[in-house]
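Geometric and topological summary
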Amino acid sequence: MLDYQAIEIFTNEEARHQGKPIADAVIQYIRGLKIAARCMVTRGIAGCDESGEVATSRLELLSYNLPIRISIILPAAIASQVLAGLDPMIGNGIIAVRDLTMVSHKAATTFFPRQLAVRDVMTASPARVTAESPASEAAYLLLSSIFTGLPVVDGQGCPVGVVTQGDLISRAGLPLRLGLLAESAPADIDAALAHRRVGEIMTAPAVTIKNDRPLAEAVELMLARQLKRLPVVDQTGQLVGMLSRLDIFKTAMREAPDWAAFRAQNIAVYNLQTVADIVRRDTLTVAADTPIDRLIPIINHNDLQRVAVVDGDGRLIGMIADSDLLGYFKPDPEGLRALFSRLARPFGKDLAHRLANTTAGEIMRTDIPTVRESMAIEEAIRLMITERQKRLPVVDDHGRFQGMISRDSLLRSGFGQMRHRT
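Cut-offs applied
- Residues numbered from 1 in each chain as written.
- Predicted model: local features only at pLDDT ≥ 70, side-chain atom pairs only at ≥ 80, totals over all residues.
- Heavy atoms only, no water.
- Core = buried A, V, L, I, M, F, W, Y, C linked by side-chain atoms within 4.5 Å.
- Buried < 20%, exposed > 50% of the residue type's maximum accessible area, 1.4 Å probe, protein only.
- Helix = DSSP H or I, 4+ residues; strand = E, 2+ residues; numbered from the N terminus.
- Contact = heavy atoms within 4.5 Å.
- Axes fitted to C-alpha atoms, helices over the stretch in contact; angles between N-to-C directions.
- Parallel < 35°, antiparallel > 145°, perpendicular 65-115°, else oblique.
- Left-handed = near helix turned anticlockwise from the far one by under 90°.
- Nonpolar A, V, L, I, M, F, W, Y, C, P; charged D, E, K, R; others polar.
- Pairing = 2+ DSSP bridges.
- Salt bridge = Lys/Arg side-chain N within 4 Å of Asp/Glu carboxyl O.
- Expected span 1.5 Å × (residues − 1).
- Arc of directions from axis to C-beta.

**Considering the nonpolar core**
One finds Leu-243, Ile-248, Ile-405 and Leu-410 to be the most contacted residues of the largest nonpolar core, which totals 37 residues. Secondary structure elements with two or more residues in this core: helix 8 (215-225), strand 15 (229-233), helix 9 (245-255), helix 16 (377-386), strand 22 (391-395) and helix 17 (407-421). A total of six residues in this core trace back to one element, the largest contributor, which is helix 16. Residues contacting Ile-248, with those up to four places away along its chain left out, are Phe-111, Phe-112, Val-121, Leu-215, Val-219, Met-222, Leu-243 and Leu-411. By size, the runner-up hydrophobic cluster in this structure holds 20 residues, among which are Ile-9, Tyr-29, Ile-70 and Ile-78.

Next comes the structure, spelled out in structure tokens:
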């Protein structure tokens, strides 16, 4: 048996807290606590209070200020904390508490609240370009943004396409990702994109979503079309925002309660998926003594753009991404461009010698955040956002490398929970 309490508030429709109907204010307060509590509001059909006022829905001449009852069921251990915040909110009414003995408490996880609309989550007033804008302008706007896509609008402000880093590389001939190119040879951005216009390289037409649509609909569209972002439009079709996976993850992180704490309170949590359910296990590993010339083809042809370095027992000791190669070869921009260019440029003798005699252990990063297979995906999202990572290595309880998780796998898994509950 579980020790619970019921907090009940007896008030009326006219009661307010900071201008809001008291029922709405209480629900918002309880929801914001992210605790194992359920709240229900019921409205009576008639009643009276201390003032002598009578309320009824049956006679038009009498007040329609009908009675309201707000019930909150929660573990007894946290009731005092909740009451401390409720009492100042209730300016007209009665608060009562009674003990309950609960047989069970079961909760089902959800990726984000289903009442959220796109406008609640999107990034408003995003930077934008037109089809006639220089491609270099788009590149520099992307460099100054945490996002990798930029909406392209017409003269009326309606989206006609999106330009991404991928477009700049595949259609404009940019030799490296923007972040790498800016660090190694910023002048190459202007040189590679000279005289190119956004309209020549953008992805069109734009796939858009209206700002009043449910967030779940936007996520489903992103997954179905394999999109990382969506331009958001108003009822007239004008651009008002951008919705990215990062926006969705920040919302999931903000809204998700501490499911581990729930389970510690003997609350059964269902649909709680873990990292083990979504880890990508087909990732390659190398030893610390692997020469860099063997690493480059692995990273260059791997969509994860990184490789794990493990010891003889398979324990993760480091990670190498293309940005780590950049840092090592930064003094040699010509060699760097040769490394990452998709052209079959031959390496010079000195560079080839350097590649063959530098090992993974010399350039790998060891200060990398990792996740355990047993971690809930909501916690993995939290770590990914706080650490500003798009991918995270997964290890078992002994530190052995198991694979990688990505934003795409987290989004698909989290949204899959929602569809499972529907």
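Next comes the rest of the write-up.
**A closer look at the packing of helix 1 (residues 22-33) against helix 2 (residues 79-86)**
Helix 2 packs onto helix 1 with a crossing angle of 140 degrees between their chain directions and a minimal axis gap of 11 Å. In this view, helix 1 runs oblique relative to helix 2, as classed from their interaxial angle. The two elements helix 1 and helix 2 cross, and the hand of that crossing is right-handed. Contacts from Val-26, Tyr-29, Ile-30 and Leu-33 of helix 1 reach helix 2 at Gln-81, Val-82, Gly-85 and Leu-86. Its residues placed into classes, the contact of helix 1 with helix 2 shows six nonpolar, two polar and no charged.

**Observations regarding the sheet that holds strand 13 (residues 159-164)**
Read from one edge of the open sheet, three strands run 11-12-13, paired in mixed fashion. Pairing within the sheet leaves two strands with one partner each, and these edge strands are strand 11 (129-130) and strand 13. The pairing of strand 12 (residues 149-153) with strand 13 spans five bridges and is classified as antiparallel. When the sheet's bridge partners are listed, Leu-150 is paired in strand 13 with Val-163. In this fold helix 3 (residues 135-143) packs onto strand 11, strand 12 and strand 13, with an angle of close to 135 degrees to the strand it touches most, strand 12.

**A short note on the packing of helix 9 against helix 16**
Interhelical geometry of helix 9 versus helix 16 gives an angle of 120 degrees and a closest axis separation of 9 Å. When the axes of helix 9 and helix 16 are compared, the pair comes out oblique. As helix 9 runs across helix 16, the sense of the crossing is left-handed. Note on element contacts: helix 16 touches helix 9 through Ile-381, Arg-382, Ile-385 and Thr-386, opposite Leu-246, Phe-249, Lys-250, Ala-252 and Met-253. A per-class count over the contact of helix 9 with helix 16 returns six nonpolar, one polar and two charged.

**Brief notes about the sheet that holds strand 20 (residues 316-321)**
Sheet architecture is open: three strands sit in the order 18-19-20, paired in mixed fashion. Looking at the sheet topology across the chains shown, the edges are occupied by strand 18 (285-287) and strand 20. Between one strand axis and the next, the sheet turns by 35 degrees as a mean value, whatever way the strands run. Sheet topology note: the strand 18/strand 19 (residues 306-310) ladder contains three bridges and is parallel.

**Things to note about the pattern of salt bridges**
Counting across every chain of the model gives 16 salt bridges. Salt bridges linked by common partners bring Glu-8, Arg-69 and Arg-98 together as one network.

**Overview of helix 1**
The first and last C-alpha atoms of helix 1 sit 17 Å apart over twelve residues, in line with the 16 Å expected at 1.5 Å per residue. Where helix 1 is concerned, the buried positions are Ile-22, Ala-23, Ala-25, Val-26, Tyr-29 and Ile-30. An end-on view of helix 1 places all buried positions within 165 degrees of arc, on one side of the element. Downstream of helix 1 by a residue or two, Lys-34 has a phi angle that is positive, lying close to 55 degrees.

**A word on the environment of Ala-117**
By the element assignment, Ala-117 lies in the loop between strand 9 (106-108) and strand 10 (123-124). Taking the C-alpha atoms as reference, Ala-117 lies 5.5 Å from Arg-213; in sequence the two are 96 residues apart. For Ala-117, the contacting residues outside a window of four places in its chain are Asn-211, Asp-212, Arg-213, Pro-214 and Leu-215.

On their own, these measurements won't tell you what the molecule is for.
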